[in-house]
Amino acid sequence: MFMKNCWYVAGWSHEVEADGLMARTICGKRLVFWRDEAGAIHALDDRCCHRGAPLSIGRKEGDNVRCMYHGFLFNTAGACIEIPGQSQIPPKAHVRSYAVVERHRWIWLWMGDAAAADESLIPDTHWLDDPDWACTKPGRLHYDVNYQLVNDNLLDFSHLSYVHPNTLGGSEEYAQLRSKIERLPRGLRITRWFMDRPAAPFVAKLLAAKGMTGNVDRWNNYDFLLPGVLIMDSGFAPAGQGEEKGNREGGIEFRHCQVVTPETENTCHYFFAQPRNFDKDKLEVSEALYTSILAAFEEDRAIITSQAENIAADPSFEPVACGLDSALGQFRWLIEQQQHRIDAQCAGDLDDPLLAEREAARQLIDLVLE
């Protein structure tokens, strides 16, 4: 099940070149992306309305795209504006267009009705190109699993102790913490403090270079927004100086920006970058951090892929819920609820009698997971 009336990250800005066409599948839809002469990005269904050939293997002509099977030419709105050898263009000669916004190095795509696209719902990720922050190079991984499994992984950081002992984790004590979970209008806010403990392996050398060789206070506080956007304030600072009260002097901070975008029911895209507020002019720091983060994310991909294969091998398997699953259960409920509301609106049933029943079910989930 995919949400439609929401913004998905379709890719990084650099992936759509000035003279090229980019093919990408989002929520089961094959799409083609290109830039017009002014540099703005557009997206259409990657299927010519004539014989179904992919437009992504066609040709960009000015602002338009030509199918290289029989030469149909489409404008940015998806309307066919030329058929070679034919002056009359059939009224049905068009392909679906999508609302696209390019912001802070990411390409945001609205999968629902383009007329309903609300740019105010695009999450703030300005750190990705803010001159006051340095950013690792843009990352993208492909998963052969349902996107919800990757969301689950990001919603429960207790796994850092076991999946990432030599990268992001470093201590089994981290798994003993319980995160604070708060409900947002379009997601969850998760707060996690790890006080007066050794630093995580991936930053130990960076901290030592700044004179922090003892224990530190660590925080991983993030908003996880529909349909799968993580924006995290994280960092390390000298132990005991009051970081939880706002005193981060002498520490280092990150603003992790990560997005899970469904490709199909069983595959997804994962986009990520780690802006930071220190050593901003040191390329070697960016490279070292990217290498460490990528290694950790490959550890995630290995365990999640194995998990998906195990689940697929026995469709009757039913997970046993525990307190660690509170954020997972709430976020999956939010996705289901949002999609159900959209379906009800499309059907004209705004006073859906099942909404109260669904809310009661969510409250029961919360009680079970407490």
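Residues numbered from 1 in each chain as written. Predicted model: local features only at pLDDT ≥ 70, side-chain atom pairs only at ≥ 80, totals over all residues. Heavy atoms only, no water.

> So what exactly am I meant to see when it comes to the sheet that holds strand β10 (residues 106–110) here?
Two pairing modes exist for strands in a sheet, parallel and antiparallel, and in both the strands are linked by backbone hydrogen bonds. Read from one edge to the other, the open sheet built from 6 strands follows the order β1-β10-β9-β4-β3-β2, with strand pairing classed as antiparallel. Lying at the two open borders of the sheet, with one neighbouring strand each, are β1 (7–12) and β2 (22–26). Ignoring strand direction, the axes of neighbouring strands in this sheet form an average angle of 30°. (Pairing = 2+ DSSP bridges. Helix = DSSP H or I, 4+ residues; strand = E, 2+ residues; numbered from the N terminus. Axes fitted to C-alpha atoms, helices over the stretch in contact; angles between N-to-C directions.)

> Just checking my understanding: could you explain the pattern of salt bridges for this structure?
Pairing is possible between side chains of opposite charge, provided their charged atoms come close. Scanning the model with the defined rule gives 17 salt bridges in all. A salt bridge links R35 to E102; the nearest nitrogen and oxygen atoms lie 2.9 Å apart. In this pair, R35 sits in strand β3 (residues 29–35) while E102 sits in strand β9 (residues 97–103), placing the two residues 67 residues apart along the sequence. Its relative accessible area of 12% is what places R35 among the buried residues. Salt-bridge contacts for E298 lead to R301; the nearest nitrogen and oxygen are separated by 2.9 Å. One end of the pair, E298, and the other, R301, are both in helix α4 (residues 283–313), 3 residues apart, so they sit about a helical turn from each other. On the accessibility criterion, E298 (30% relative accessible area) is partly exposed. (Salt bridge = Lys/Arg side-chain N within 4 Å of Asp/Glu carboxyl O. Buried < 20%, exposed > 50% of the residue type's maximum accessible area, 1.4 Å probe, protein only.)

> Explain helix α1 (residues 147–155) here, please?
Along an α-helix, residues three or four apart share an orientation, since each turn contains 3.6 residues. Most of α1 is tucked away: 9 of the 9 residues are buried. Buried within α1 are the following residues: Y147, Q148, L149, V150, N151, D152, N153, L154 and L155. Residue N146 occupies the N-cap position of α1, its side-chain oxygen lying 2.8 Å from the main-chain nitrogen of Q148. (Polar contact = N/O pair within 3.5 Å; in protein donor to acceptor, adjacent residues only side chain to side chain.)

> What's the story with the confidence of the model for the protein in this structure? I'm lost.
Detail in the predicted coordinates should be disregarded across regions flagged by low pLDDT. Here the protein averages 90 in pLDDT, and 92% of its residues register 70 or above. A low-confidence stretch, residues 352–358 stays under pLDDT 50, and its non-local contacts, those more than four residues away or across chains, total 10 contacts. pLDDT under 50 marks residues 360–370. Its contacts with residues more than four places away, or in other chains, come to 10 contacts. (pLDDT = per-residue confidence, 0-100. Contact = heavy atoms within 4.5 Å.)

> What should I look at first to understand empty space enclosed by the protein in this one?
One water molecule sets the probe size; rolling that probe over the atoms shows where empty space is left. Under the criterion given, the structure shown has 1 cavity of 30 Å³ or more. As for the largest cavity, its lining consists of 22 residues, and the residues nearest its centre are F157, L160, L168, M232 and H256. Counting only elements with at least two residues in the lining of the largest cavity, the list comes to α1, β15 (216–225), β16 (229–238), β17 (252–264) and α4. No other element matches the 4 residues that β16 contributes to the lining of the largest cavity. (1 Å grid on protein atoms, 1.4 Å probe; cavity = no way out; pocket = protein on both sides within 12 Å on 5 of 7 lines; lining within 4 Å. Points joined across faces, edges and corners; volume = space filled by probe spheres on them.)

> Would you mind going over the environment of H50 with me for this structure?
Tracing the backbone through its elements, the reader meets H50 in the loop between β4 (41–45) and β5 (59–61). Classification of H50 as partly exposed rests on a relative accessible area of 33%. In sequence terms H50 and P201 are 151 residues apart; their C-alpha atoms lie 56 Å from each other. Sequence-distant contacts of H50, defined by excluding residues within four places in its chain, comprise H70 and F72. At 3.3 Å, the side chain of H50 forms a polar contact with the side chain of H70.

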